[in-house]
Amino acid sequence: MGIVITGDVFIDIKGYSIASYIPQGRNVGTIAQIHGGVGRNVAEDIANLELKPTFIGLVDDDAMGEEVIRKLDRHKVDTRFMRKVPNGMGTWLAIFDNNGDVVASVSKRPDHTPVEYILDECGDEIFKDADSIAIEIDTDREIVKKTFAYAEKYNKKVYAMVSNMSIAVERRDFLKRTSCFVCNEQEA
């Protein structure tokens, strides 16, 4: 089946100042809105390597959510286990200065509850033939717990990724059971 990835979809809204950024001032620049989220990014990257990823995640039940699924489908990500729900995607709003450094950001996390239902309804089908599992370790504890239960049931390696280190450190018990832990330089 390939690699199963459980994680978030975010819409990243990025503002880039073209001159020196003034925190209390008006800044001229450009704004971009792109598909993001650690889980979604990893699923797309794995698909680009032709490693047959299956993505378990959520999108909003609107045109933007549909667009995210269509793009993943074009990259040959298996999206059968994705669901369209209200508040399914997170949002990251970031401001970059003229050197490309983040000077301010705000993040809205999605409601992860529907992922538990996906695991309850389809967990055996999802994990039994998987080569391995990658999960955002900072998602809801119950989702992590269920994922590790399936990994142990089917003797699969789990690779952990992180988007928010302050939440991930609360998952030390699970981190000890992973085959590999991946984070970016800022989180490290």
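Residues numbered from 1 in each chain as written. Predicted model: local features only at pLDDT ≥ 70, side-chain atom pairs only at ≥ 80, totals over all residues. Heavy atoms only, no water.

Another point: the overall build of the protein chain. Tallying secondary structure elements over the protein chain gives 6 helices and 11 strands in all. Taken against the 2.2 N^0.38 rule, which gives 16 Å for 188 residues, the C-alpha radius of gyration of the protein chain at 17 Å falls within 12% of a compact globule. If one aligns the C-alpha atoms of the protein chain with their principal axes, the spans along those axes are about 55 × 35 × 30 Å. Within the protein chain, the fraction of its 188 residues that count as buried is 45%. Within the protein chain, counting contacts between residues at least 6 apart in sequence, those at least 24 apart form 68% of the total. Counting every atom, the protein chain has about 10000 Å² of accessible surface; 50% of that belongs to carbon and sulfur. On the protein chain, the mean spot of the 24 positive side-chain charges and the mean spot of the 31 negative ones are 3 Å from each other. (Helix = DSSP H or I, 4+ residues; strand = E, 2+ residues; numbered from the N terminus. Rg over C-alpha atoms; globule rule 2.2 N^0.38 Å. Buried < 20%, exposed > 50% of the residue type's maximum accessible area, 1.4 Å probe, protein only. Contact = heavy atoms within 4.5 Å. Areas by Shrake-Rupley, 256 points an atom, 1.4 Å probe, with all protein chains shown as cover. Lys, Arg positive; Asp, Glu negative; His and termini not counted. Charge placed at Lys NZ, Arg CZ, Asp CG, Glu CD.)

This part covers the packing of aromatic side chains. Applying the stated rule across the entire model yields 4 aromatic pairs. Measuring from centroid to centroid gives 4.7 Å for Y16 and F96, while their planes differ by 15°, and the two rings are stacked. Of the two residues, Y16 sits in strand β2 (residues 10-17) while F96 sits in strand β7 (residues 90-96), which places them 80 residues apart along the sequence. A connected cluster of aromatic rings, assembled from ring pairs, spans Y16, W92 and F96. (Phe/Tyr/Trp six-rings, centres within 6.5 Å; stacked < 30°, edge-to-face > 60°.)

A few words now on the environment of V103. Secondary-structure assignment places V103 in strand β8 (residues 102-108). For V103, a relative accessible area of 38% translates into the label partly exposed. Distance in space between the C-alpha atoms of V103 and I22 is 10.0 Å, their sequence separation being 81 residues. Once residues within four sequence positions are removed from consideration, V103 is found in contact with Y21, I95, F96 and D97.

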